[in-house]
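# Observations on chain architecture
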Amino acid sequence: MRKTTTLALLATGLIALGCGAGAADKASDSSSDTQASSSSGDEGGAKAEEKPAKTAKIGQPARDGKFEFTVKSSKCGVAKIGSDVLGAKAQGQFCLVTVNVKNIGKEAQMFDGSSQKAYAADGTEYSADTGAAIYANKNAETFLNDINPGNQVTGVVVFDIPKNVKLAKLELHDSMFSGGVDVTLG
């Protein structure tokens, strides 16, 4: 009986992975379609427009897949988020990054705060702290939130980094499978 249950769980997991791989192929196909259609127009202008889209600064829109991100602010050095009763304490320091996310696609897309990454100047990668983000966002807008086409949300993505580290850039993604877009913080 136990062997049958284990095999059933394993088969279910493999099927789920297969479905996820198809979604990844679809996501990469749609992003390459977007790139191909944007480069089919005025070639000189399209190439000049693509470079700013790959790296942006705070306050500038940057696109990845179906999302347009605008980082509004970044605040580090926060020791605790939430109230005394309910909250999260940083292992090092929290960096709170306020981001506006707009769906520029033609269908709903889920925004997942855990797909976002931050980097120090030396290239060290930090992942988002989704547990702490629950306390930083009143409406939990950065955790698994579907955004319909044309709509936008603003939320806080939280990173727990060592006290002596300063973040240099963010890598923002419309999904865990996308290439991402860089936003410099300095």
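Everything that follows concerns the structure shown earlier in this document.
The structure displayed is predicted, hence computed values, not measured ones. (Residues numbered from 1 in each chain as written. Predicted model: local features only at pLDDT ≥ 70, side-chain atom pairs only at ≥ 80, totals over all residues. Heavy atoms only, no water.)

### Things to note about the side chain of E68
- Here E68 shows up in strand β3 (residues 67-82).
- When its relative accessible area of 17% is taken as the criterion, E68 is described as buried.
- Look past the residues within four positions of E68 in its chain and what remains in contact with it is P61, A62, R63, N100, V101, K102 and I104. (Helix = DSSP H or I, 4+ residues; strand = E, 2+ residues; numbered from the N terminus. Buried < 20%, exposed > 50% of the residue type's maximum accessible area, 1.4 Å probe, protein only. Contact = heavy atoms within 4.5 Å.)

### Concerning the state of the cysteines
- Tallied over the full model, the rule gives one disulfide.
- Two residues, C76 and C95, share a disulfide whose sulfurs are 2.0 Å apart. Negative torsions about the S-S bond denote left-handed disulfides, and the value of about 115° found for C76 with C95 makes this one right-handed. Taken as a pair, C76 in strand β3 and C95 in strand β4 (residues 87-103) lie far apart in primary sequence, 19 residues in all. (Disulfide = S-S within 2.5 Å.)

### Observations concerning the nonpolar core
- F69, V101, F159 and L170 are the most contacted members of the largest nonpolar core, which totals 26 residues.
- Breaking this core down by element, the ones donating at least two residues are β3, β4, β6 (117-120), β9 (152-161), β10 (167-172) and β11 (181-184).
- If we skip the residues at most four places from it in the chain, L170 touches V71, V97, K117, A118, F159, V181, D182, V183 and L185.
- With 10 residues, the next largest nonpolar core counts V78, A132, A133 and V156 among its residues. (Core = buried A, V, L, I, M, F, W, Y, C linked by side-chain atoms within 4.5 Å.)

### What to know about the sheet that holds β10
- Pairing is mixed across the open sheet formed by five strands, whose spatial order is β1-β11-β10-β6-β7. Edge positions in the open sheet fall to β1 (55-57) and β7 (125-127), since each of these has one partner strand only. When strand polarity is set aside, the average angle formed by the axes of neighbouring strands in this sheet is 30°.
- In the sheet, β1 pairs with β11 via three bridges, with the strands oriented parallel. By the bridge assignment for β11, A56 is matched with V183. (Pairing = 2+ DSSP bridges. Axes fitted to C-alpha atoms, helices over the stretch in contact; angles between N-to-C directions.)

### Section: the packing of aromatic side chains
- Applying the stated criterion to the full structure yields three aromatic pairs.
- Between the aromatic rings of F67 and F111, the centroid separation amounts to 6.1 Å while the plane-to-plane angle is 65°, which identifies the pairing as edge-to-face. One end of the pair, F67, is in strand β3; the other, F111, is in strand β5 (residues 109-111), with 44 residues separating them in the sequence. Each member of the pair, F67 together with F111, is buried.
- Ring geometry for F69 and F111: centres 6.3 Å apart, planes at 55°, overall tilted. Highlighted residues: F69 in strand β3 and F111 in strand β5, separated in sequence by 42 residues. Just as F69 is buried, F111 falls in that class too.
- Taken together, the aromatic side chains of F67, F69 and F111 make up a single cluster linked through ring pairs.
- The ring of Y119 is capped by K169, whose NZ or CZ atom sits 5.0 Å from the centre of that ring. (Phe/Tyr/Trp six-rings, centres within 6.5 Å; stacked < 30°, edge-to-face > 60°. Lys NZ or Arg CZ within 6 Å of the ring centre and 35° of its normal.)

Such coordinate-based values are descriptive only and should not be taken to indicate function.
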